[in-house]
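Spelled out, the chains give:
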There are 4 protein chains.
Amino acid sequence: MSDPDLTAVEAALQSQRIETPSWAYGNSGTRFKVFAQPGVPRTPEEKLDDAARVHEHTGVAPSVALHIPWDKVDDYGALAAHAKDRGLRLGTINANVFQDDDYKLGSVTHPDAAVRRKALDHLLECVDIMDATGSRDLKLWFADGTNYPGQDDIRARQDRLAESLTAVYDRLGEGQRMLLEYKFFEPAFYTTDVPDWGTAYAHCLRLGPKAQVVVDTGHHAPGTNIEFIVALLLREGKLGGFDFNSRFYADDDLMVGSADPFQLFRIMYEVVRGGALEEDAGIAFMLDQCHNIEPKIPAIIRSVMNVQEATAKALLVDRETLAVAQRSGDVLGANAVLMDAYNTDVRPLLARIRQERGLGPDPVAAYHRSGWAEKITGERKGGRQAGWGA
Amino acid sequence: MSDPDLTAVEAALQSQRIETPSWAYGNSGTRFKVFAQPGVPRTPEEKLDDAARVHEHTGVAPSVALHIPWDKVDDYGALAAHAKDRGLRLGTINANVFQDDDYKLGSVTHPDAAVRRKALDHLLECVDIMDATGSRDLKLWFADGTNYPGQDDIRARQDRLAESLTAVYDRLGEGQRMLLEYKFFEPAFYTTDVPDWGTAYAHCLRLGPKAQVVVDTGHHAPGTNIEFIVALLLREGKLGGFDFNSRFYADDDLMVGSADPFQLFRIMYEVVRGGALEEDAGIAFMLDQCHNIEPKIPAIIRSVMNVQEATAKALLVDRETLAVAQRSGDVLGANAVLMDAYNTDVRPLLARIRQERGLGPDPVAAYHRSGWAEKITGERKGGRQAGWGA
Amino acid sequence: MSDPDLTAVEAALQSQRIETPSWAYGNSGTRFKVFAQPGVPRTPEEKLDDAARVHEHTGVAPSVALHIPWDKVDDYGALAAHAKDRGLRLGTINANVFQDDDYKLGSVTHPDAAVRRKALDHLLECVDIMDATGSRDLKLWFADGTNYPGQDDIRARQDRLAESLTAVYDRLGEGQRMLLEYKFFEPAFYTTDVPDWGTAYAHCLRLGPKAQVVVDTGHHAPGTNIEFIVALLLREGKLGGFDFNSRFYADDDLMVGSADPFQLFRIMYEVVRGGALEEDAGIAFMLDQCHNIEPKIPAIIRSVMNVQEATAKALLVDRETLAVAQRSGDVLGANAVLMDAYNTDVRPLLARIRQERGLGPDPVAAYHRSGWAEKITGERKGGRQAGWGA
Amino acid sequence: MSDPDLTAVEAALQSQRIETPSWAYGNSGTRFKVFAQPGVPRTPEEKLDDAARVHEHTGVAPSVALHIPWDKVDDYGALAAHAKDRGLRLGTINANVFQDDDYKLGSVTHPDAAVRRKALDHLLECVDIMDATGSRDLKLWFADGTNYPGQDDIRARQDRLAESLTAVYDRLGEGQRMLLEYKFFEPAFYTTDVPDWGTAYAHCLRLGPKAQVVVDTGHHAPGTNIEFIVALLLREGKLGGFDFNSRFYADDDLMVGSADPFQLFRIMYEVVRGGALEEDAGIAFMLDQCHNIEPKIPAIIRSVMNVQEATAKALLVDRETLAVAQRSGDVLGANAVLMDAYNTDVRPLLARIRQERGLGPDPVAAYHRSGWAEKITGERKGGRQAGWGA
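Conventions used here
Residues numbered from 1 in each chain as written. Chains lettered and ligands numbered in written order. Predicted model: local features only at pLDDT ≥ 70, side-chain atom pairs only at ≥ 80, totals over all residues. Heavy atoms only, no water. UniProt positions renumbered as here; feature names shortened; annotations may be inferred. Helix = DSSP H or I, 4+ residues; strand = E, 2+ residues; numbered from the N terminus. Salt bridge = Lys/Arg side-chain N within 4 Å of Asp/Glu carboxyl O. Buried < 20%, exposed > 50% of the residue type's maximum accessible area, 1.4 Å probe, protein only. Phe/Tyr/Trp six-rings, centres within 6.5 Å; stacked < 30°, edge-to-face > 60°. Lys NZ or Arg CZ within 6 Å of the ring centre and 35° of its normal. Pairing = 2+ DSSP bridges. Contact = heavy atoms within 4.5 Å. Axes fitted to C-alpha atoms, helices over the stretch in contact; angles between N-to-C directions. Expected span 1.5 Å × (residues − 1). Polar contact = N/O pair within 3.5 Å; in protein donor to acceptor, adjacent residues only side chain to side chain. Core = buried A, V, L, I, M, F, W, Y, C linked by side-chain atoms within 4.5 Å. Least-squares fit on C-alpha atoms with pLDDT ≥ 70 in both. Buried area = accessible area lost by both parts, 1.4 Å probe. Arc of directions from axis to C-beta. Nonpolar A, V, L, I, M, F, W, Y, C, P; charged D, E, K, R; others polar.

Undergrad: Which parts of the structure should I look at to understand the UniProt feature "domain: Xylose isomerase-like TIM barrel" (unreviewed entry) in chain A?
TA: In this numbering, the UniProt entry assigns the feature "domain: Xylose isomerase-like TIM barrel" (unreviewed entry) to residues 76-248 of chain A. Annotation note: span residues 76-248 of chain A, helix share 40%, strand share 18%, distance between end C-alpha atoms 37 Å.

So, in structure tokens, the structure goes:
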């Protein structure tokens, strides 16, 4: 078996970038309970301070996604400067049209035109913020949908959705994109208005090249083959990025790779195979998860590492040998080539790459040694901890 | 086809009782948002006032389940009297060991003995409350479990669970029961400590006759045949009752019968077939659902009606003809007998039964005409609305 | 509540047509066992003789789908004449590229070009047969896919699929269509090459207006909202038809409407709402199911009736009142309008319609009285019973 | 982090035994097609010849499960001798009461007592065969169930099942056991009569200590936590063994560990943690899978290796460190200990162990070099290939 070029593998791992979400640094929970944690940030600036620790120890997480209005500030220039001082930049802008009482029955798909207008105005405001922060991507996830059969007209909601998306699309500037997310369930229980990649794809296709589909790994029906979707969207030129996380059944807030690391590897293999790891492919690799019971910063570091390990394994697949086995119909041989890479322990490789960059070989251990957890626990007293809705 | 005895059907429907949960009258929501509604109760007493409206219009909902500590009061005798004045009685006591910060990693299965003790004390307190309210049943649902593989020792948690359950069981008085609920997922994402009926059954079997399994219709894996479980538990003498609700995929808060009315009918058929509609069978028929986006009182009325309609259809099954078809291996014939009952429009029958009791034929319409919604919207200003955690 | 125009409802039910599949009249089974039944047809002609009984008693099943090569004959003109003599016509041609040893690793997506060519030739032969039978639709379902990760290149298989579909599309004559079916699982266990509506849609979109998606009600992941897909495809002008059947978990061979009649009603409501019941909408309503343990002809009659009943209920939805409730955000009111139609017993209405056409009110009973079952059991001795693969 | 004792790990891996199933050496397929393979055995003896190759190259597969009547022979003593000559022994006897036309509506749960008697006689005959072969275990899987609601009385079927199981139990000799398998779906589509571990457990509990539950890894609802069930059954002393295989959605015939290797590791961890790897725990580790498209012997070798690798990783878990992290509520730390073992590449360790026993380090490669495949392809001409039903 011929080995892939290790230099190229290392170079790819060196250049990979993973965006962390501001909300993962704040408190979160389930519908049953939000458990508060000591030292949690109280402001967008403190979230960036924490994110800087993740980047400091991993070296691959230089940008932070914002959630509006949770990260609303008066001066985005100042926020960007705060980020820059810490070696970070502001990343994707996430719109939030689900936490206002007006959105009980939907936002851009609401039967009432006034509510739709309010939601659209928020989306347009997010593009204004992108102008201020220099963000490339607007990520759109809608909690819209219905809970009961008959509650609203499924098809009319698509018309309303298309109308709002068009208005946002037309507002996008040069180099700006819209990433449309789909979700199979929750919090709308009977229908969500963008339940699957097909729906997101159909809308993005109609909108144009600036509209791309984002795959959230936690948003599919049981048994869905996610890497197939990734391969397909890449083939169609319509994959904009990933929201990484894990789930076993419902809430999609577990650390990426923690529920099914083999699936994450398969997804990353299709990314590699589709050339989507290249920077000019424009794929955004983002985490979208919350840490309800585990300490947040080390959980985010672990998540970044999990994506790195899956990527390293995907890069180690001997694609030439694989192609030969596939073309000759050698089922077991082809599977074995893939499994050979998956079964490789890539942690030494990643440790070496980190050390070459002057980082500690084990980012979680380095974080624990740094004293940051003790520092923020001591300093961040008073004020209101950031969290969902704050 | 011979018809079932209509007099017996009507008598069974007349005597059926469905318990409504105090928390369904308060605000609720998803992890994304709790939408407040006008006129929502601010106290346990006001919840009872609303529950009295459900009973007034349906005639079959005379008891109300309490949730401790949400419904904690100084004087349970006074609360019981408040209920009695409105034609109600206090029903099942629901323990809550999931909304305290100490319970982040579990309650009765927590690795720390001090937390387990605290949880157990709460459960024992609930039995004290049962003594005061005269409630028969203590309903136990545990949010306990783990989010990540390895987080805790799955088997040791069973030992801890067994220990606490035994202590509660030993505290139960004459005529008191413990209903153990299972749940396949959420809010513990990797394992729940009582994930399926088998686990609940094994514990109840060991505990003794006062421990019974409660089936929550929303707590199963996709594709699970719930009526099979009902039939099995009845055969084993281990079915204590139902928590009724619906779900399409995740959160189990939709009105019972709204997602799959045919399933509800099949469940009620096994209830009828197993003799569990008889009062001396001791089966508790309870709603356990919340109304996040729809008005609460009419939603509860509709839910009660949905259970009644499913029961009526189940009672209308021509069991003699069915048995003949089953015994002769007539697949289509047997299925047709069941479907014949399901396809019957039982609303006229139920309307007649209501009218015979002096009720309006359409409880939802009667409620809307009553002016109660307008009254509480006008009167219940100020104070803090009841909801999850309040 | 204003009632829908009953005359229009009856007219719509009178004009509805449901195609039955030739293979449902033959033997079938699971991977564990095929149970033979007495009187099963031995030739395509005998299948048509049975199909004629379904149409005789229901009045709405005048066409029969063929499966090639199972229904291969020397003279399709003669077969069409045989059908015509019995009041039938030949319907959709179903291609079969999964029962030859060459197709072990796929047909049109096989890594070997020679196998792909063989599969394509079969598809083109099916269009030749369509020319001979006058069939409008070619239905394409592919068993293609992979069982193991790495077994083949997911994306390359899409390229191969696109190439074959294009060749077939280009061969289609005036007024001929290609219906592309998707299936989430089985018999390829890791990936199927057309797993979801999005994949079928993307291919059909590229091919052109003669390529349409067909929704098989049994081919979705657990929890999928099928009526949403129906609404969406109708909105996009890309729904070609239905393959009706039911399943609880896996094999999709149960009678349509037998597992979740409420779902079938919701699907038919979106059909009605989308104007797709009109003949010029060009939607093919087909059964695609097998009857492994129940007698085949009455099971098909029952299935036709189940579609009729769901359609009748869908037509009875008071759409004006529904629209008012939906627009005003009346969640419970809107749901109640839908449920009111669903809860209506439409069997008397359908019985009356049948009687107006000179049919018996209960087609199953009429069939049993006809003596056909006894006749074929007595006459069809010897020869080889038709079934999967024959 | 302290390391587990490597000597003990190696010893455990040396002593592990995995039973292979005779039917995996024969042809198999889906309901759509059985693809024949060259060189497939035509007799039980030839199946043993192939099984001997698996044991020759892995060193851990010395026993072969039989399926009656597929492996029925006149002289079981001779068959056992044939096995012994090849270093094998005959293992678990699998009863088959699903491939006779009489079993269309069930076997031991059939409504007709005569069919039940026939099925019971077969089960008793299997115990006779056990006496002849010296097998310890009778494995019982029932295809029994119903396809349609109402088809039969769910509860009465349990009574019939209990009656037959009791009769078989009473016939078991000293040192013989009955392993009762459950399956969530298929080939009975609406209910299976033993759908979950709880049902199997309840029956086994009533029967006595010789009745034990067998966990087939492919027989659960989506999202089921199988390792939880393993832990629970071990705690109850009611786990009899495993049927290993994989599935993504439906048919459970893929190589164990190929769909979710992390899950297999978690299962094996609970086995190790529960002391069930010890020989005196009496746990049967069996494969139960078929190889529809891949060559059978190397697929079985790979499956054996997959179980070994998962076992090795499970043995490498640093249980002391894990226990400390678990007891202190260190969620991330505990998870990291588990993942550390999972992420280890255990292939070098297993290669070394093989070499110490005089085996080749890579059993698949050794098999390919052996020329066996070419030999059987050349020699096994004519006759009827073994397969399902043969």
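Undergrad: Hey, could you run me through the pattern of salt bridges in this one?
TA: For side chains bearing opposite charge, pairing can occur when the charged atoms are close. If you walk through the whole model with that rule in mind, you get 140 salt bridges over all chains. With its nearest N and O atoms 2.7 Å apart, the salt bridge here joins arginine 31 of chain B to aspartate 252 of chain A. Note that arginine 31 of chain B is positioned in the loop between β1 (20-21) and α2 (44-58) and aspartate 252 of chain A in the loop between β9 (239-244) and α8 (261-273), a pairing that runs across two chains. For the pair arginine 31 of chain B and aspartate 252 of chain A, one class covers both residues: buried.

Undergrad: What exactly am I supposed to notice about the packing of aromatic side chains here?
TA: The geometry of an aromatic ring pair comes down to the distance between the two centres and the angle between the two planes. All told, the structure shown has 64 aromatic pairs over all chains when counted by the stated rule. Arranged with centres 5.2 Å apart and planes meeting at 40°, the rings of tryptophan 141 of chain A and phenylalanine 32 of chain B form a pair that is tilted. Residue tryptophan 141 of chain A is located in the loop between β4 (137-140) and β5 (145-146), and its partner phenylalanine 32 of chain B is located in the loop between β1 and α2; the two belong to separate chains. The burial state of tryptophan 141 of chain A is the same as that of phenylalanine 32 of chain B; both residues are buried. A ring pair is formed by phenylalanine 242 of chain D and phenylalanine 285 of chain D, whose centres lie 5.8 Å apart and whose planes are at 15°; its orientation type is stacked. Residue phenylalanine 242 of chain D is located in strand β9 (residues 239-244), and its partner phenylalanine 285 of chain D is located in strand β10 (residues 284-287); the two are separated by 43 residues in the primary sequence. Taking relative accessible area as the criterion, phenylalanine 242 of chain D reaches 0% and is therefore assigned buried. An aromatic cluster is built from Phe184, Phe185 and Tyr249 of chain A together with Phe184, Phe185 and Tyr249 of chain B, whose rings are joined through pairwise contacts. The ring of tryptophan 372 of chain A has arginine 53 of chain A lying over it, and the distance from NZ or CZ to the ring centre is 4.5 Å. Just above the ring of phenylalanine 262 of chain C sits the side chain of arginine 266 of chain C; from NZ or CZ to the centre is 4.7 Å.

Undergrad: I keep staring at the sheet that holds strand β9 (residues 239-244) of chain B and nothing clicks. Help me out?
TA: Strands belonging to one sheet form pairs held by backbone hydrogen bonds; the direction of such a pair is parallel or antiparallel. Residues and elements named next belong to chain B. In space, the eight strands of this open sheet follow the order β1-β2-β3-β4-β6-β8-β9-β10, with parallel pairing throughout. Two strands close off the open sheet at either side, each with one partner strand: β1 and β10 (284-287). The strands touched by helix α5 (residues 154-171) are β4 (137-140), β6 (177-181) and β8 (211-216); relative to β6, the strand with the most contacts, the crossing angle is about 155°.

Undergrad: Sorry, what's going on with helix α4 (residues 113-133) of chain A here?
TA: Structural remark: α-helix, 3.6 residues per turn; residues separated by three or four positions point the same way. Residues and elements named next belong to chain A. For α4, built from 21 residues, the straight-helix expectation of 30 Å at 1.5 Å per residue is met to within 8% by its first-to-last C-alpha distance of 30 Å. Restricting attention to buried positions, one finds in α4 the residues Val115, Arg116, Ala119, Leu120, His122, Leu123, Leu124, Cys126, Val127, Ile129, Met130 and Thr133. As for α4, its buried residues are in contact with β2 (63-68), α3 (76-85), β3 (89-95), β4, α5 (154-171) and β6 (177-181). The N-terminus of α4 is capped by aspartate 112, whose side-chain oxygen sits 2.7 Å from the backbone nitrogen of alanine 114. Positive phi appears at glycine 134, one or two residues downstream of α4, with a value of about 75°.

Undergrad: Help me understand the nonpolar core in this model?
TA: Taken as a class, soluble globular proteins show a tendency for nonpolar side chains to be buried jointly. Membership of the largest hydrophobic core comes to 444 residues, with the highest contact counts inside it found for Phe242 of chain A, Phe242 of chain B, Phe242 of chain C together with Phe242 of chain D. Look past the residues within four positions of phenylalanine 242 of chain D in its chain and what remains in contact with it is Val214, Val215, Val230, Ile267, Val271, Ile283, Ala284, Phe285 and Met286 of chain D. Membership of the second largest hydrophobic core comes to 20 residues, among which are Phe184 of chain A, Ala250 of chain B, Phe185 of chain C together with Ala250 of chain D.

Undergrad: Mind showing me how you'd approach the relation of the copies chain A and chain C here?
TA: What connects the two chain copies is a rotation about an axis and a shift along it. Under the fitted operation, chain A is carried onto chain C by 0.0 Å of movement along the axis and a turn of 180°, and the coordinates agree to an RMSD of 0.0 Å. Between the two chains, the operation in question is that of a two-fold axis. Residues of chain A ranked by C-alpha distance from the rotation axis are headed by glycine 198 of chain A, positioned 2.0 Å from it. With an isologous cut-off of 70% or more, the 100% of interface residues of chain A that recur at the interface of chain C puts this contact in the isologous class.

Undergrad: It is not clear to me how the sheet that holds strand β1 (residues 20-21) of chain A should be interpreted in this structure. Could you clarify?
TA: Residue and element names in this part refer to chain A. If you walk across this open sheet you meet the eight strands as β1-β2-β3-β4-β6-β8-β9-β10, and the pairing is parallel. With partners counted over all chains shown, the strands left at the sheet margins are β1 and β10 (284-287), one partner each. Of the strand pairs in this sheet, strand β8 (residues 211-216) and β9 are connected by four bridges, and their pairing is parallel. Note on β9: the bridge partner recorded for valine 215 is phenylalanine 242. Lying over the sheet, α8 contacts β9 and β10, oriented at roughly 160° with respect to β9.

Undergrad: Which parts of the structure should I look at to understand the interface of chain A and chain C?
TA: Interface size is often expressed as the accessible area that is lost when the parts come together. The interface of chain A with chain C comprises 54 residues on the first partner and 54 residues on the second. Overall, the association of chain A and chain C removes approximately 4,500 Å² of surface from exposure, summing both partners, and the carbon and sulfur fraction of that is 58%. Contact with chain C buries area across many residues of chain A, yet Arg155, Phe228 and Arg235 of chain A alone supply 17% of it, more than any other trio. Across the pair glutamate 236 of chain A and arginine 206 of chain C runs a salt bridge whose closest N-O atoms are separated by 2.9 Å. In this structure, the connection of chain A to chain C is made through 18 residue pairs in polar contact (both at pLDDT 80 or more).

Undergrad: In this structure, what is going on with helix α3 (residues 76-85) of chain B? I would like to understand it.
TA: All names here are of chain B. Those residues of α3 that sit buried are Tyr76, Leu79, His82 and Ala83. Viewed along the axis of α3, the buried residues span an arc of 115°, placing them on a single side of the element. Relative to its buried face, α3 has exposed residues pointing more than 90 degrees away, namely Lys84 and Asp85. The inward-facing, buried residues of α3 abut α2, β2 (63-68), β3 (89-95) and α4 (113-133). Looking at where α3 begins, the residue whose side-chain oxygen comes 2.9 Å from the main-chain nitrogen of glycine 77 is aspartate 75. Positive backbone phi, at 80°, marks glycine 87, one or two positions downstream of α3.

Undergrad: Looking at this structure, how should I read the interface of chain D and chain C?
TA: Between chain D and chain C, the residue contacts involve 43 residues of the former and 43 residues of the latter. Here chain D packs against chain C, burying approximately 4,100 Å² in sum over the two surfaces, 64% of which is carbon and sulfur. For chain D, the biggest contributors to the area lost against chain C are Arg31, Phe32 and Tyr249 of chain D; these three give 23% of the whole. Counting every contact that joins chain D to chain C gives ten salt bridges. For the pair chain D and chain C, the interface holds 17 residue pairs in polar contact (both at pLDDT 80 or more). Looking at the side of chain D that touches chain C residue by residue, the class counts come to 23 nonpolar, eight polar and twelve charged.

Undergrad: Would you take a moment to explain unusual backbone geometry for this structure?
TA: Residues apart from glycine generally show negative phi values, whereas peptide bonds are mostly found in trans. Of the consecutive residues isoleucine 68 of chain C and proline 69 of chain C, the connecting peptide bond is found in the cis state with omega at 20°. Along the chain, proline 69 of chain C falls in the loop between β2 (63-68) and α3 (76-85). For the peptide bond that leads from glutamate 186 of chain C to proline 187 of chain C, omega is 0°, which places it in the cis range. Checked against the element boundaries, proline 187 of chain C lands in the loop between β6 (177-181) and β7 (191-192). Its identity is not glycine, yet glutamate 186 of chain A carries a phi of approximately 65°, on the positive side.

Undergrad: I keep staring at the pairing of strand β6 (residues 177-181) of chain D and nothing clicks. Help me out?
TA: Regular strands show a simple pattern: their side chains alternate between the two faces of the sheet. Residue and element names in this part refer to chain D. With five of five residues buried, β6 is to be regarded as a mostly interior element. Judged by which residues are buried, β6 turns out to be covered on both faces: Arg177, Leu179 and Glu181 on one side and Met178 and Leu180 on the other are all buried. Two elements, strand β4 (residues 137-140) and β6, share four bridges in a ladder whose sense is parallel. If you follow leucine 140 over to β6, its bridge partner there is leucine 180. When β6 meets strand β8 (residues 211-216), the two strands line up parallel, connected through four bridges. Counted as the bridge partner of methionine 178 is alanine 211 from β8.

Undergrad: Explain the relation of the copies chain D and chain C here, please?
TA: Overlaying chain D with chain C gives an RMSD of 0.0 Å, the required rotation being 180° about an axis along which the chain moves by 0.0 Å. Here 100% of the contact residues of chain D are again contact residues in chain C; the copies associate through an equivalent surface.

Undergrad: Mind showing me how you'd approach the environment of histidine 55 of chain C here?
TA: Residues and elements named next belong to chain C. Tracing the sequence through the fold places histidine 55 in helix α2 (residues 44-58). Note: C-alpha distance between histidine 55 and glutamate 294 (239 residues apart in sequence) is 19 Å. For histidine 55, the residues in contact, after removing those within four places along its chain, are Val60, Ala61, Pro62, Gly87 and Leu88.

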